[in-house]
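Each chain, letter by letter, is given below.
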Amino acid sequence: YAADIHHIAIHPSTPYPQCIFYQANKDENQARANYYSVTGTPRVALNGTLLPPTSTLLPLTNLQTALSQKTAPISVKVSDVISGGNLRTTVQVKYDQALAAGNYVLHVMVAEKLINLKTPNQEEQHRL
């Protein structure tokens, strides 16, 4: 499902406060962990909802259910163009005309590169 989902790792202080990735970005890692009420790892948030812990980190039924749901009324399209050694990224946020009135918050993350390193939580690939 590489074309459908993006794995972004967040590294909270619990249970590994010595984690190199947590230490490199304490405030943002802890803020995201607090937002989802993560009290231990590994955990998965799918479409903004923290999944209950199970023996399978991301059960196939949860993933297939999420992929089959109606699309959100807000979409984000990211386009990258490399020219002359420079990267230009364009982000377009579009909304459905039927979007209900209200205040919305869009949380955006940037995964800049893949780091292959086995950390105390046993993950070996990290997109930071």
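Below or above, wherever it landed, is the structure these notes cover.

Definitions and limits used
- Residues numbered from 1 in each chain as written.
- Predicted model: local features only at pLDDT ≥ 70, side-chain atom pairs only at ≥ 80, totals over all residues.
- Heavy atoms only, no water.
- Buried < 20%, exposed > 50% of the residue type's maximum accessible area, 1.4 Å probe, protein only.
- Helix = DSSP H or I, 4+ residues; strand = E, 2+ residues; numbered from the N terminus.
- Pairing = 2+ DSSP bridges.
- Phe/Tyr/Trp six-rings, centres within 6.5 Å; stacked < 30°, edge-to-face > 60°.
- Lys NZ or Arg CZ within 6 Å of the ring centre and 35° of its normal.

### Quick word on the pairing of strand E4 (residues 86-95)
1) Next: Where burial is concerned, little of E4 is hidden: zero out of the 10 residues are buried.
2) Next: Where strand E3 (residues 74-83) meets E4, 10 bridges bridge the pair, whose relative direction is antiparallel. In the strand pairing of E4, Ile 82 is matched with Leu 87.
3) Next: Where E3 folds back on E4, the antiparallel hairpin that results is connected by two residues, among which Gly 84 adopts a positive phi of roughly 60 degrees.

### Structural notes on the packing of aromatic side chains
How two aromatic rings sit relative to each other is given by the distance of their centres and the angle of their planes.
1) Next: Applying the stated criterion to the full structure yields one aromatic pair.
2) Next: Summarising the aromatic geometry, the rings of Tyr 35 and Tyr 36 are spaced 5.0 Å apart at their centres and angled 90 degrees between planes, so their arrangement reads as edge-to-face.
3) Next: When its relative accessible area of 47% is taken as the criterion, Tyr 35 is described as partly exposed.
4) Next: Geometry around Tyr 35 places Arg 32 over its ring, the cationic atom sitting 4.5 Å from the centre.

### Quick notes on the environment of Asp 27
1) Next: Structurally, the position occupied by Asp 27 is in helix H2 (residues 26-36).
2) Next: You can call Asp 27 exposed: its relative accessible area is 63%.
3) Next: Measuring from C-alpha to C-alpha, the distance between Asp 27 and Pro 12 comes to 9.3 Å, with 15 residues separating the pair along the chain.

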